[in-house]
Amino acid sequence: MERPVDLRSDTVTRPTSAMRAAMAAAEVGDDGYGEDPTVRALEERAAALLGKEAAVFVPSGVMANQMALRVLARPGDLVVAGADQHVVAFELGAAARNSGIQFALVDDARGELDPDAVRAHVDAEVDHRPHVAAVFVENSHMPSGGTPWDPARFAHFAAAVGRPVHLDGARLFNAARAVGAEVATLAAPAATVMFCLSKGLAAPVGSLLAGPADLMAEARIERKRLGGAMRQAGVLAAAGLVALDTMVERLDEDHRRARRLAEALAEAFPASGYDPATCRTNIVVMSHPRARELVVDLEREGVLAGTLAADRLRLVTHCDVDDAALERALRAIARVAARPVTQS
Ligand SMILES: Cc1ncc(COP(=O)(O)O)c(C=O)c1O
């Protein structure tokens, strides 16, 4: 039987053979003593790419966000964020459990946040509301369909909100390719920024948190407290360096294929009102009242998809989905749309 076309997430990618070779050959040391040359090379490379003073290699994007919370806010503080953002909705309550931080939520249905809505929370401090320590944003914004922020609007936003901004850039390179900007330009307005190597860039493990040197020194302490300090992690960092060398420009292919999927879904399910032009990176999110049943039907047709909610279907393209796999997915969508949705 043919392998299913896996569109559940860009986290399902496997390391390329160049990554595996680099991992096998990596020079390593104990990163606990700062002696792993490959980790140091990756951290220096990431800091330079992002235009920040320093960067810290961490096992996961969640840990990078959690470290940012801990260096930017204290227990009891408010952090303003979009209601659907990963740090709010997909980290299993980690902000509360790990750091005693509460969120003030603003609308992020279209990806970008309204600076006035954020300012309203900041201004409420004079009415004896909790201290707003930071603002978290996501670029690309996954739940709205991988929406990239407009770079000029983000710069305006960060200047307007009056608090340090952390940028969850799990897919920052996708955003950069989509808007035709350097990642450093997208990161410049933010105090701290993280990106993931393990999503569209296809490395097996790892994310980087970057920012001012003093904050990153604190972040290293928080990484240790969270159990994320590693030893001969150069075997992982080596794959990350190859990812940065070889996997960035090809993200355009993922974006092209995602748009084809978006167009096919819009055509197959016109009642959804889905506008495929909103798909600008590698994530397709379409509202459908019975999204979960659609996932079951697609699986029967050899396509793995996912949901963000009972009424939100999500498909994600990545380097392991080539044009042949795309065509199979397009045919599956047409077949599923042509018959009644599975009753469960
Ligand atoms: C926007 C966003 N931020 C953070 C993360 C967390 O990354 P990780 O799975 O490496 O912990 C994800 C994961 O999918 C994500 O989509």
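All values derive from a computational prediction rather than experimental measurement.

As for the sheet that holds strand β9 (residues 283-287)
Sheet architecture is open: three strands sit in the order β9-β12-β11, paired in antiparallel fashion. At either end of the open sheet lies a strand with only one pairing partner, and these are β9 and β11 (306-309). Taking each pair of neighbouring strands and ignoring which way they run, the sheet shows an average axis angle of 30 degrees. In the sheet, β11 pairs with strand β12 (residues 312-316) via three bridges, with the strands oriented antiparallel. The residue bridging T307 from the neighbouring strand is L313, located in β12. In the packing of helix α12 (residues 251-268) onto the sheet, contacts are made with β9 and β12, and the angle to β9 comes to roughly 15 degrees.

Thoughts on the site of the ligand
Around the ligand, the structure places 13 residues, and the nearest of them are S60, G61, V62, H86 and A170. It is helix α3 (residues 61-72) that contributes the most residues to the shell around the ligand, three residues altogether. Partitioning the shell around the ligand into residue classes produces four nonpolar, seven polar and two charged.

A word on the packing of helix α8 (residues 172-179) against α12
Interaxial distance between α8 and α12 falls to 10 Å at its minimum, and their mutual angle equals 75 degrees. Between α8 and α12, the interaxial angle falls into the category roughly perpendicular. Facing F173, N174, R177 and A178 of α8, the residues of α12 in contact are L251, D252 and H255.

Overview of the pairing of strand β3 (residues 78-82)
The buried count for β3 comes to five of five residues, which makes it a mostly enclosed element. Going residue by residue along β3, you find L78, V80 and G82 tucked away on one face and V79 and A81 tucked away on the opposite face as well. The pairing of β3 with strand β4 (residues 102-106) spans five bridges and is classified as parallel. Residue pairing in the sheet places A81 in a bridge with L105 of β4.

Observations concerning the domain arrangement of the protein
Structurally, the protein comprises domain 1 (5-11 + 250-337) and domain 2 (17-246). Taking only C-alpha atoms into account, the centre of domain 1 sits 27 Å from that of domain 2. Between domain 1 and domain 2, the residue contacts involve 17 residues of the former and 18 residues of the latter. Within the residue set of the side of domain 1 that touches domain 2, elements represented by two or more residues are α12 and β9.

A look at the sheet that holds β4
With respect to topology, seven strands assemble into an open sheet ordered β2-β8-β7-β6-β5-β3-β4, the strand pairing being mixed. Edge positions in the sheet fall to β2 (54-58) and β4, since each has one partner strand and no second. The average angle at which neighbouring strand axes cross in this sheet is 20 degrees, direction not considered. By the bridge criterion, four bridges tie strand β5 (residues 132-138) to strand β6 (residues 165-169) in an arrangement that is parallel. From the neighbouring strand, E138 faces β6, where its bridge partner is D168. Helix-sheet contacts for helix α2 (residues 37-50) involve β2, β7 (192-196) and β8 (207-211), and the interaxial angle to β2 is about 130 degrees. Those strands touched by helix α10 (residues 213-225) are β2, β7 and β8, and its axis lies near 15 degrees from that of β2.

Cut-offs used in this document
Residues numbered from 1 in each chain as written. Predicted model: local features only at pLDDT ≥ 70, side-chain atom pairs only at ≥ 80, totals over all residues. Pairing = 2+ DSSP bridges. Helix = DSSP H or I, 4+ residues; strand = E, 2+ residues; numbered from the N terminus. Axes fitted to C-alpha atoms, helices over the stretch in contact; angles between N-to-C directions. Contact = placed C-beta atoms within 7 Å. Near = placed C-beta within 6 Å. Nonpolar A, V, L, I, M, F, W, Y, C, P; charged D, E, K, R; others polar. Parallel < 35°, antiparallel > 145°, perpendicular 65-115°, else oblique. Buried ≥ 20, exposed ≤ 12 C-beta atoms within 10 Å, placed from the backbone. Domains from an automatic or database assignment.

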